[in-house]
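Read off the chains here:
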Amino acid sequence: MEPEEHLLALKVMRLTRPTLATPLPVTCDSKDLPGNLLNVALQQDAASVKGTETLSIGQFLLLPQSPVNIYLGETFSSYICVYNETQHIVSNVSVKVDLQTTSQRLPLSSNPPTPQLTPDDTVNIVIHHEVKEIGNHILVCEVSYQNAVGILKSFRKFFKIQVLKPLDVKTKFYNAENDDVYLEAQVQNITTGPICLEKVALDASHLFKVTSLNVSPTGESIFGKTTLLNPLAVCQFLYCLSPNEKLSSDLKSLSGATNIGKLDIVWRSNLGERGRLQTSQLQRMGPDYGDIRLSITELPNFVVLEELFAFKCRLVNNCERSVELIMYLDNSDGLAWCGISGRKLETLPPHSSRVLEFKAIPLIPGLHTLSGIKLIDTFLKRTYNYDDLGQVFVIVNDNVVGKSI
């Protein structure tokens, strides 16, 4: 059975901007085997500049030579034309355009019917849609009309659209001792052309306050005015998330706060075409603080060799019972503790904290790790060792003059 012939024709065209092309001249000396063949071809090339054919000067606008890829987050634009290619007048011309994705069907256009369409006349529709899913999409165009005798006719056409992934985003988390969370985001351009990152921001969870470490103290981007990514190039971004006071006071809730937020990325491609991508909720591995936690609250960055210095720590009881602890101080290489080792601390009620002050004398210059603090739970006979509380840099005081004996 032959398909029914219709009075109307349907044309669908993708609207894309041209690209920038740089000519690549290929030439040789006239004494070589090709002779002047390559030079003559360069002179006849429409992209060459007269007198400078052998120089690659500037760029030119190149119209799309093949179907252009559409990437997630970009805006898909299309021109739809219904054309009356007969000598008959048709009436009540209706055009409906839908986009079928893997999960839903989206209406893009449903204009009111055109009362009459004379011969050689057209119905023109331009649609714009921000693509939010990866994979195959089907553009469904349905045209209905009445012929000269009033019979209702309709037909549909389907156009396949492949939506590709534009960026590859990888994340790494680091849980700091002061409860801050550091997020490293690696953004890679996996499109076929260069893109310019216009915005890479972290929309943090309400439990955290975010600080971008990608700007200088004056507020300027550390990447410069333009963050350009060539195909397969990678750019790294760093953020610091600080928990709010309510979350910091409850270690159980802090350990369970795994939702960090979402990355919001905006870029420009080709001749300024805009794209936007938002990641799903980023998840971190919650730290296990245990029943007893000891963390530094105050610590100098620099200390002087053989001079007493002090720092403070917060001792937290995260269990449901009161605990009695005995604290031991073991000297390490380059550091001597000043205090009583083996002393019993005051009873610590459930879910409470106390600030402890420690004093020590550095014996060797350089960078040293604070270690050698040990707590023993007298009830459970459990030992808690703290061998990486923090680091200090020991410097030599220039005012100290050595004396001979």
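Described below are features of the structure shown in this document.

Thoughts on the nonpolar core
Part 1 of the argument: The biggest cluster of nonpolar side chains holds 47 residues, and the ones touching the most others in it are Leu8, Val82, Val93, Leu139 and Leu197.
Part 2 of the argument: Per-element accounting of this core gives the leading share, five residues, to strand β6 (residues 90-100).
Part 3 of the argument: If near-sequence neighbours (up to four positions away) are discounted, Val93 is found in contact with Leu8, Val82, Pro113, Thr114, Leu117, Val123, Ser144 and Tyr145.
Part 4 of the argument: Of all hydrophobic cores here, the second largest spans 28 residues; its members include Ile296, Leu325, Phe358 and Leu375.

Here's the deal with the sheet that holds strand β24 (residues 325-329)
Part 1 of the argument: The strand order β26-β24-β29-β30 describes an open sheet built from four strands, whose pairing is antiparallel. In this open sheet, the two strands that pair with only one neighbour each are β26 (343-344) and β30 (382-386).
Part 2 of the argument: Relative to strand β29 (residues 373-377), β24 is paired through five bridges, and the arrangement is antiparallel. Opposite Ile326, over in β29, you have Ile376 as the bridge partner.

Brief notes about the packing of aromatic side chains
Part 1 of the argument: What the rule picks out here adds up to seven aromatic pairs.
Part 2 of the argument: When the ring of Phe311 is compared with that of Trp337, the centres are 6.0 Å apart and the planes differ by 55°; the resulting orientation is tilted. Placement of Phe311 in strand β23 (residues 309-317) and of Trp337 in strand β25 (residues 335-337) is noted, with a sequence separation of 26 residues between them.
Part 3 of the argument: A residue is classified by how much of its surface remains accessible, and Phe311, at 1% relative accessible area, is buried.
Part 4 of the argument: One aromatic cluster in this structure is built from Phe309, Phe311, Trp337 and Phe358.
Part 5 of the argument: Over the face of the ring belonging to Tyr328 we find Lys374, whose NZ or CZ atom lies 5.5 Å from the ring centre.

What to know about the side chain of Asp180
Part 1 of the argument: Note that Asp180 resides in the loop between β12 (167-175) and β13 (181-189).
Part 2 of the argument: Buried charge without a salt bridge: Asp180, with Arg284 as the nearest opposite-charge side chain at an N-O distance of 9.3 Å.
Part 3 of the argument: A distance of 3.2 Å separates the side chain of Asp180 from the side chain of Ser242, its partner in a polar contact.
Part 4 of the argument: Residues contacting Asp180, with those up to four places away along its chain left out, are Tyr174, Asn175, Cys240, Leu241, Ser242 and Pro243.

Quick look at the pattern of salt bridges
Part 1 of the argument: For the structure shown, the criterion picks out eight salt bridges.
Part 2 of the argument: In this structure, Lys199 and Asp264 form a salt bridge, with 3.3 Å as the shortest nitrogen-oxygen distance. One end of the pair, Lys199, is in strand β14 (residues 195-204); the other, Asp264, is in strand β18 (residues 259-269), with 65 residues separating them in the sequence.
Part 3 of the argument: Three or more residues joined by partner-sharing salt bridges are found here, namely Lys96, Asp98 and Arg105.

What about the environment of Arg105?
Part 1 of the argument: Along the chain, the position of Arg105 falls in strand β7 (residues 105-110).
Part 2 of the argument: C-alpha of Arg105 to C-alpha of Ile138: the two residues are 33 residues apart in sequence and 9.3 Å apart in space.
Part 3 of the argument: Excluding residues within four positions of it along the chain, Arg105 makes contact with Asp98, Leu99, Gln100, Val140 and Arg156.
Part 4 of the argument: A polar contact of 3.3 Å, which involves the side chain of Arg105, links it to the side chain of Asp98.

What about the sheet that holds strand β9 (residues 122-130)?
Part 1 of the argument: One open sheet holds the three strands; their spatial order is β1-β5-β9, and the pairing between them is antiparallel. In the strand order of this sheet, the two ends are held by β1 (8-14) and β9, each with one partner. Strand after strand, the sheet turns through a mean of 15° between neighbouring axes, direction not considered.
Part 2 of the argument: Pairing between strand β5 (residues 75-84) and β9: nine bridges, direction antiparallel. Following the sheet pairing, Thr75 is matched in β9 by Glu130.

Concerning a negative patch on the surface
Part 1 of the argument: Together, Glu177, Asp330, Asp387 and Asp388 make up a negatively charged patch on the protein surface.
Part 2 of the argument: If you trace the backbone, Asp387 turns up in the loop between β30 and β31 (391-395).
Part 3 of the argument: The exposure class of Asp387 is partly exposed, given its relative accessible area of 47%.

Cut-offs applied
Residues numbered from 1 in each chain as written. Predicted model: local features only at pLDDT ≥ 70, side-chain atom pairs only at ≥ 80, totals over all residues. Heavy atoms only, no water. Core = buried A, V, L, I, M, F, W, Y, C linked by side-chain atoms within 4.5 Å. Buried < 20%, exposed > 50% of the residue type's maximum accessible area, 1.4 Å probe, protein only. Helix = DSSP H or I, 4+ residues; strand = E, 2+ residues; numbered from the N terminus. Contact = heavy atoms within 4.5 Å. Pairing = 2+ DSSP bridges. Phe/Tyr/Trp six-rings, centres within 6.5 Å; stacked < 30°, edge-to-face > 60°. Lys NZ or Arg CZ within 6 Å of the ring centre and 35° of its normal. Lys, Arg positive; Asp, Glu negative; His and termini not counted. Salt bridge = Lys/Arg side-chain N within 4 Å of Asp/Glu carboxyl O. Polar contact = N/O pair within 3.5 Å; in protein donor to acceptor, adjacent residues only side chain to side chain. Axes fitted to C-alpha atoms, helices over the stretch in contact; angles between N-to-C directions. Patch = residues over 30% accessible without salt bridge, like charges linked within 9 Å, V, L, I, M, F, W, Y side chains within 5 Å. Areas by Shrake-Rupley, 256 points an atom, 1.4 Å probe, with all protein chains shown as cover. Charge placed at Lys NZ, Arg CZ, Asp CG, Glu CD.

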